[in-house]
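Residues per chain, in single letters:
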Amino acid sequence: MVRYEPALRSEWNAAVEASRNGTFLFHRDYMEYHADRFPDHSYCFYWKGRLIALLPAHQSGDMLCSHAGLTYGGLLLLPAATLHRVSAIFSLLAETLPKEGMTRLLYKCIPYHLHRYPVEEDRYLLFRRGALLTACNVASVVDLSAPLRFSELRLRGMRKAQAAGVVVGESEAWPEFWSVLQENLRQRFGAEPVHTLEEIERLHALFPDKIRLFTATVNGRIEGGTVLYECGNVARTQYISASPQGKACGALDLLFAYLLQERYASFRYFDFGTSNGDNGRFLNEGLVAQKEGFGGRSVVYETYLLTF
């Protein structure tokens, strides 16, 4: 068990790529864009000199968090990480973290549809150690290998958008979309996007083939759009937003029809993201219904608290 340091950067990034459940969110370039808010406290785990697991994390008081700055986290396990070896990792954490002033581990699981190969050793061992489920958010995910039919409401929205002359496609108009997103969030929730425009543009520049913007325009003006993260064979929405005009003409219905039926039809899953607040206790039923109208069905994003 070795604390991550910059000298391990190349080894870390290579291990993310080789792991059974890593995505580009765990690349050091992505993790470190908000290092000022979440000072890194990650670990590397070795078995007989061979790297078998990573734990992206930061410390918050007496708690190691994996990772509050990311949608999902937990152990990234390489093929050599057997159940016995992962059990040894949890034993090592239980022994070592209290010596470093941390008696709790906040653990975000990586949902199964983001796995490249079966990798739920962590869930089993969390159960064995009596971890408490503290958050359970629900995402709406489409299985693109056998997608469900769109609801009639979504089909009507598509037809309305086509009649209004909505044009959909990939875009680099980040500032224009961000204005739509910010106004929508302020009006509906009194909130701001998690990323600033400068942050998302910087991340897009670092990962241009992983972070993409798709928009719906009317007469050349952006009226809706979505930011997508490509994680292996999964396309996951990071932001979705439409202007009042975009909502009125069904702009997002046509945009997601294009994404699901054309642009990402060869992917395995399309993840519309979660629809929750208060760690899953609040459910935005209208938002879930909209996503289910495209064929999305529920996958949970779980967070556990393990006390040593």
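Structural data are supplied above this passage.
Because the structure is predicted, anything quoted here is derived from the model rather than measured.

Calculation criteria
- Counting restarts for each chain, with residues numbered from 1 along the sequence as it is written.
- Restriction of local features to residues with pLDDT of at least 70 applies here, the model being predicted, together with a cutoff of 80 or more for giving and counting side-chain atom pairs; totals for whole chains, interfaces and linings are based on all residues.
- As a rule here, side-chain values come from all non-hydrogen atoms in the structure, and water together with hydrogens is ignored.
- Any two strands between which DSSP finds at least two bridges are classified as paired.
- Strands are runs of DSSP state E lasting at least two residues, helices are runs of H or I lasting at least four, and both sets are numbered from the N terminus onward.
- Contacts between residues were defined by any pair of non-hydrogen atoms, one from each residue, lying within 4.5 Å.
- Between the N-to-C directions of two axes lies an angle of 0 to 180 degrees, each axis being a line fitted to C-alpha atoms and, for a helix, fitted only over the stretch in contact.
- Pairing of aromatic rings covers Phe, Tyr and the six-membered ring of Trp, with a centre-to-centre limit of 6.5 Å; geometry is then stacked below 30 degrees between planes, edge-to-face above 60, and tilted otherwise.
- Accessible area is worked out with a 1.4 Å probe on protein chains only. A residue is then buried under 20% of its type maximum, exposed over 50%, and partly exposed in between.
- Whether a charge sits over a ring depends on NZ of Lys or CZ of Arg being within 6 Å of the ring centre and within 35 degrees of the ring normal.

**Regarding the sheet that holds strand β1 (residues 2-3)**
So, step 1. Spatial strand order, β1-β2-β3-β6: four strands in an open sheet with antiparallel pairing. Strand pairing shows two members of the sheet lacking a second neighbour, β1 and β6 (76-77), which therefore form its edges.
So, step 2. Two elements, strand β2 (residues 43-47) and strand β3 (residues 50-55), share five bridges in a ladder whose sense is antiparallel. Note that in β3 the partner of Phe45 across the bridge is Ala53.
So, step 3. Against the sheet, helix α1 (residues 9-18) touches β2, β3 and β6, its axis set at about 85° to β3.

**Section: the packing of aromatic side chains**
So, step 1. Scanning the entire structure with this criterion turns up 24 aromatic pairs.
So, step 2. Their ring planes at 40° and their centres at 6.4 Å tell us that Tyr43 and Phe45 sit as a pair that is tilted. Judged on exposure class, the residue Tyr43 and its partner Phe45 are both buried.
So, step 3. Plain terms: the ring middles of Phe272 and Phe294 are 5.5 Å apart, the flat faces sit at 20° to each other, and that makes the pair stacked. With Phe272 in strand β13 (residues 269-274) and Phe294 in the loop between α10 (285-292) and β16 (297-307), this residue pair connects regions lying 22 residues apart in the sequence. By the burial criterion, Phe272 is buried, and Phe294 matches it.
So, step 4. Every member of this aromatic cluster is reached through a ring pair, and the members are Phe150, Phe214, Phe256, Tyr258, Tyr264, Phe267, Phe270, Phe272 and Phe294.
So, step 5. Above the ring of Tyr264, the side-chain terminus of Arg263 is found at 4.7 Å from the ring centroid.

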